[in-house]
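Coordinate analysis (summary)
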Amino acid sequence: MDKHNDDEEQTVPATTTPPPPTPSPATPAVPADERTQVLLHVPVNVRSATLIVLAALAVLATLHLASDFFIPVMVAFMFSHALAPVVDALESWRVPRAISAAVLILGLLGGIGFSAYSFSDDANALIASLPEAAQKVRGAVRARRDKPETPLETMQKAAAQLEQAAEEASPAATAPKSNVQRVVIEKPRFDLREHLWNGTMGLVRLVGQVVVVTFLTYFLLLAGNTFRRKLVKITGTTLSDKKITVQALDEIASQIQRYLLVQLVTSVIVGVATGLAFWALGLKHAVVWGFAGGLLNLIPYIGSAVVTGAAALVAFLQFGSVNMALAVAGASLAIHTLVGNLLMPWLTSRSSAMNPVAVFIGVLAWGWLWGVWGLLLGIPIMMVVKAVCDRVDHLKPVGELLGT
């Protein structure tokens, strides 16, 4: 009995089947080019970028508004670096820096004054010929008016008459006139006294800047390595920081000296070649033109255009021939092209590793800020900026953009 009950209570385990697998959602098909694409996530701090932009705008505004202060300082800085090797050499020969710097600066000013006095006769003769040149221009314009009209001028006159007829036939022209008073603004007459006053003040300002640059250059030469030692001292306490500062200062000095030497050599070449070419073509006052060509060669891009245009105009007034004017302009343009586009870039690339595109844009920017002085000082300032940026971790991208 018990056995039977045990058999009834004993149950046979049922065979269980595993549940069917749950279908997974279909994976969308991804193109091969999208699966292999890798995106670079660059963290951008909007606040930092805004502060950098505002700081850059503040610096540009300060440089523009305080140009009367910064321009003499930069010019004196360049002259002191150019004359420092001579003063150092004289000091090694036991000549005091005060005497050597004073003699050197006075010698340069005297040489410039003597050169200007030597060329004053030719310059005065060139200025005296301007009334005659004006008469020739007036005669050329009058002769051109007396010539028969060209087909282009006839078409322009016909177009002007048709436009006048259309205006007369318009409703506005046939409408009754209203009682509206017409106001005509007259331009002020030429005031000679105001013109002379502005010219006098400009001359006084130029003389004042020359005096400031002269004394500041003298004081910088007299100081010697004083500011250099101070900069090395305040840059850092470690030996590596001081070494980096010394390297940057050495590079700035050497690049500025090489750049000024290149400018001097190319200006002399342009001046001599211009004078000889104009003398061979028979242009009057060729020596003055050579001096002007060498001097204006210091101004990038603008100096050559001024010399070419002015020489072509004077040649046309002297010879009365367009062919001679084109010959003089072509000679000047060829000289500036060969020196400015071949010799100058080659020498500059050997003296400093600067990117030509960055140099061109930088010169335009400094010219916009400071005018002609910006064109003169743009490249040396960019050399200083590159030398500093190459040795500061956060500014190395700027140095990379300026470099070759």
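Residues numbered from 1 in each chain as written. Predicted model: local features only at pLDDT ≥ 70, side-chain atom pairs only at ≥ 80, totals over all residues. Heavy atoms only, no water.

If you check an unreviewed UniProt entry, the protein appears there as AI-2E family transporter from Caenimonas terrae. One UniProt comment on the protein, placed under Sequence similarities (unreviewed entry), says "Belongs to the autoinducer-2 exporter (AI-2E) (TC 2.A.86) family." The UniProt entry for the protein carries the following text under Subcellular location (unreviewed entry): "Cell membrane". (UniProt positions renumbered as here; feature names shortened; annotations may be inferred.)

If you check UniProt for "transmembrane region" (unreviewed entry), the listed places come out as residues 44–63, 69–87, 99–119, 202–223, 259–281, 287–317, 324–347 and 359–385 in our numbering. As annotated, residues 69–87 has a helix share of 100% and a strand share of 0%, and its two end C-alpha atoms lie 26 Å apart. Taken end to end, residues 359–385 is 96% helix and 0% strand, and its first and last C-alpha atoms sit 12 Å apart. (Helix = DSSP H or I, 4+ residues; strand = E, 2+ residues; numbered from the N terminus.)

A few words now on the side chain of K386. With respect to the helices, strands and loops of the structure, K386 is situated in helix α17 (residues 372–389). Assessed through its relative accessible area of 10%, K386 is described here as buried. When neighbours within four sequence positions are excluded, K386 is seen to be in contact with A353, M354, G399, L402 and G403. (Buried < 20%, exposed > 50% of the residue type's maximum accessible area, 1.4 Å probe, protein only. Contact = heavy atoms within 4.5 Å.)

The next thing to look at is the pattern of salt bridges. One side chain can pair with another of opposite charge once the charged atoms of both are near each other. Counted by the stated rule, this structure contains five salt bridges. R228 is the salt-bridge partner of D250, the closest N and O atoms lying 2.3 Å from each other. With D250 in helix α12 (residues 239–281) and R228 in helix α11 (residues 226–235), this pair connects stretches of sequence that are 22 residues apart. The class of D250 is partly exposed, set by a relative accessible area of 38%. On the accessibility criterion, R228 (26% relative accessible area) is partly exposed. In this structure, R391 engages E251 in a salt bridge whose closest nitrogen and oxygen atoms are separated by 2.6 Å. (Salt bridge = Lys/Arg side-chain N within 4 Å of Asp/Glu carboxyl O.)

Before going further, it helps to examine the packing of aromatic side chains. Tallying each qualifying case throughout the model produces five aromatic pairs. Their ring planes at 75° and their centres at 5.2 Å tell us that F69 and F70 sit as a pair that is edge-to-face. For F70, a relative accessible area of 25% puts it in the partly exposed group. Between F215 and F219, the aromatic rings sit 6.5 Å apart at their centres with planes inclined by 40°, giving tilted as the arrangement. Here F219 and F215 lie together in helix α10 (residues 192–223), a separation of four residues that amounts to about one turn. Clustering of aromatic rings is evident, with ring pairs tying together F215, Y218 and F219. (Phe/Tyr/Trp six-rings, centres within 6.5 Å; stacked < 30°, edge-to-face > 60°.)

A few words on the side chain of R97. Secondary-structure assignment places R97 in helix α5 (residues 97–118). Overall, the relative accessible area of 13% leaves R97 in the buried class. A polar contact of 2.7 Å, which involves the side chain of R97, links it to the side chain of E91. A distance of 2.8 Å separates a polar atom in the side chain of R97 from the backbone oxygen of L221. Those residues in contact with R97 that lie beyond four places of it in its chain are V87, D88, E91, L221, L222 and G224. (Polar contact = N/O pair within 3.5 Å; in protein donor to acceptor, adjacent residues only side chain to side chain.)

This brings us to α12. Taking 1.5 Å of rise per residue, the 43 residues of α12 would be expected to cover 63 Å, and the 63 Å separating its terminal C-alpha atoms lies within 8% of that figure. Residue G282 follows α12 closely and has a positive phi angle near 90°. (Expected span 1.5 Å × (residues − 1).)

What follows concerns the nonpolar core. Soluble globular proteins: nonpolar side chains tend toward being buried together. Of all hydrophobic cores here, the largest spans 25 residues; its most connected members are W366, W370, L377 and I379. Residues in contact with I379, not counting those within four places in the same chain, are Y259, V359 and V363. (Core = buried A, V, L, I, M, F, W, Y, C linked by side-chain atoms within 4.5 Å.)

In this section: unusual backbone geometry. The phi angle at R94 is positive, at roughly 70°, despite the residue not being glycine. Looking at the secondary structure, you find R94 in the loop between α4 (67–92) and α5. Look at R94 and you get exposed, because its relative accessible area is 78%. Unlike most non-glycine residues, H285 shows phi in positive territory, near 55°.

In this section: the packing of α4 against α17. Two numbers describe how α4 lies on α17: the axes approach to 11 Å, and their chain directions differ by 60°. In the packing of α4 onto α17, the handedness of the crossing is left-handed. Facing α4, whose interface residues are I71, M74, V75, F77 and M78, α17 presents W373, L377, P380, I381 and V384. When grouped by side-chain class, the residues that make up the contact of α4 with α17 number ten nonpolar, no polar and no charged. (Axes fitted to C-alpha atoms, helices over the stretch in contact; angles between N-to-C directions. Left-handed = near helix turned anticlockwise from the far one by under 90°. Nonpolar A, V, L, I, M, F, W, Y, C, P; charged D, E, K, R; others polar.)

Right, let's get into the confidence of the model for the protein. A low pLDDT score tells you not to read the predicted coordinates there in detail. The predicted model of the protein has a mean per-residue pLDDT of 76, with 69% of residues at 70 or higher. Confidence scores differ between elements of the protein, with helix α1 (residues 2–9) showing the lowest mean pLDDT of 48 and α4 the highest of 88. (pLDDT = per-residue confidence, 0-100.)

This part is about the packing of α12 against α17. At a closest axis distance of 9 Å, the pairing of α12 and α17 adopts a crossing angle of 155°. The orientation of α12 with respect to α17, classified from their angle, is roughly antiparallel. Our pair here, α12 against α17, has a crossing hand that is right-handed. Contacts from A248, E251, I252, Q255, I256 and Y259 in α12 reach L376, I379, P380, M383, V384, A387 and V388 in α17. By residue class, the composition of the contact of α12 with α17 is eleven nonpolar, one polar and one charged. (Parallel < 35°, antiparallel > 145°, perpendicular 65-115°, else oblique.)

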